[in-house]
Amino acid sequence: MRVHLGSDHAGLELKDHLMTWLVDHGYEPVDHGPFVYDALDDYPCFCLRAAEGVAGDQAEGIESLGVVIGGSGNGEQISANKVEGIRCALVWSEETAALAREHNDANVVSVGGRMHSVDDMTRFVEVFLTTPFSHDERHVRRIGQVSTYDETKELPPLPESALRGPDA
């Protein structure tokens, strides 16, 4: 499986570590930068490219996921989610990494390089990469609602329980 990576200066150490870890575990990493430490670099230029790489691969039928890394992972997640076809989840535990794949079919994961140890973050990425999407009907339905909104900008219909109001 191909794994696209992008970060900023705060995620550079983890990204470089993951490049080696991925090769050692049979993955094909694609490094979208940065390649040197620059405290003034901007994460969107690297994270958008990583997300575009995943989206492009998946459109061509190539098995591919992505990892974006920053200080907190928040801005990196926001950037990646701007790319059409990307569902990027911010993870901070093994459980959130597994749920990102199982429930949300996330294709990019975001981690905070200043929030956890390199060993913990590596484990989060490993769980993300090895956990399959569950294909449960409720999760497929929810992802479909978000995808439809992306395309049409029409809100999904409210469930019956919401139509009765709080006094029902």
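The structure under discussion appears in the preceding block.
Right, let's walk through the structure included here. (Residues numbered from 1 in each chain as written. Predicted model: local features only at pLDDT ≥ 70, side-chain atom pairs only at ≥ 80, totals over all residues. Heavy atoms only, no water.)

## Overview of the layout of surface pockets
Any empty space left between the atoms is revealed when a probe the size of a water molecule rolls over them. Approximately 400 Å³ is the volume found for the largest pocket. If you go around the largest pocket, you meet 16 residues; those closest to its centre are E84, G85, I86, S147 and D150. Only β4 (88-90) and α6 (137-152) provide two or more residues apiece to the lining of the largest pocket. Looking at the lining of the largest pocket, the element that brings in the most residues is α6, giving 5 residues. (1 Å grid on protein atoms, 1.4 Å probe; cavity = no way out; pocket = protein on both sides within 12 Å on 5 of 7 lines; lining within 4 Å. Points joined across faces, edges and corners; volume = space filled by probe spheres on them. Helix = DSSP H or I, 4+ residues; strand = E, 2+ residues; numbered from the N terminus.)

## Details of helix α5 (residues 118-130)
Given a rise of 1.5 Å per residue, 13 residues ought to cover 18 Å, and the 18 Å separating the end C-alpha atoms of α5 matches this to within 8%. For α5, every residue scored as buried is listed here: M121, T122, F124, V125, V127, F128 and L129. Looking at the buried side of α5, the elements it contacts are β1 (2-7), α1 (12-24), β3 (64-70), α4 (94-102) and β5 (108-112). (Expected span 1.5 Å × (residues − 1). Buried < 20%, exposed > 50% of the residue type's maximum accessible area, 1.4 Å probe, protein only. Contact = heavy atoms within 4.5 Å.)

## Brief notes about the nonpolar core
In this structure, L18, L22, V67, F128 and L129 are the most contacted members of the largest nonpolar core, which totals 25 residues. Looking at this core, the element that brings in the most residues is α5, giving 6 residues. Once you skip the residues sitting within four places of it in the chain, V67 turns out to touch V3, H4, L5, G6, L18, V108, V109 and V125. A51, A80, I86 and C88 belong to the second-largest nonpolar core, a separate cluster that totals 10 residues. (Core = buried A, V, L, I, M, F, W, Y, C linked by side-chain atoms within 4.5 Å.)

## Some words on the pairing of β5
By the criterion of burial, β5 is predominantly enclosed, with 5 of the 5 residues buried. Both faces of β5 are covered, namely the face carrying V108, S110 and G112 and the face carrying V109 and V111. The pairing of β4 with β5 spans 3 bridges and is classified as parallel. Across the sheet, residue L90 finds its bridge partner in β5, namely S110. This β-α-β element, β4 to α4 to β5, shows right-handed connectivity. (Pairing = 2+ DSSP bridges. Right-handed = clockwise from strand over helix to strand, strands pointing away.)

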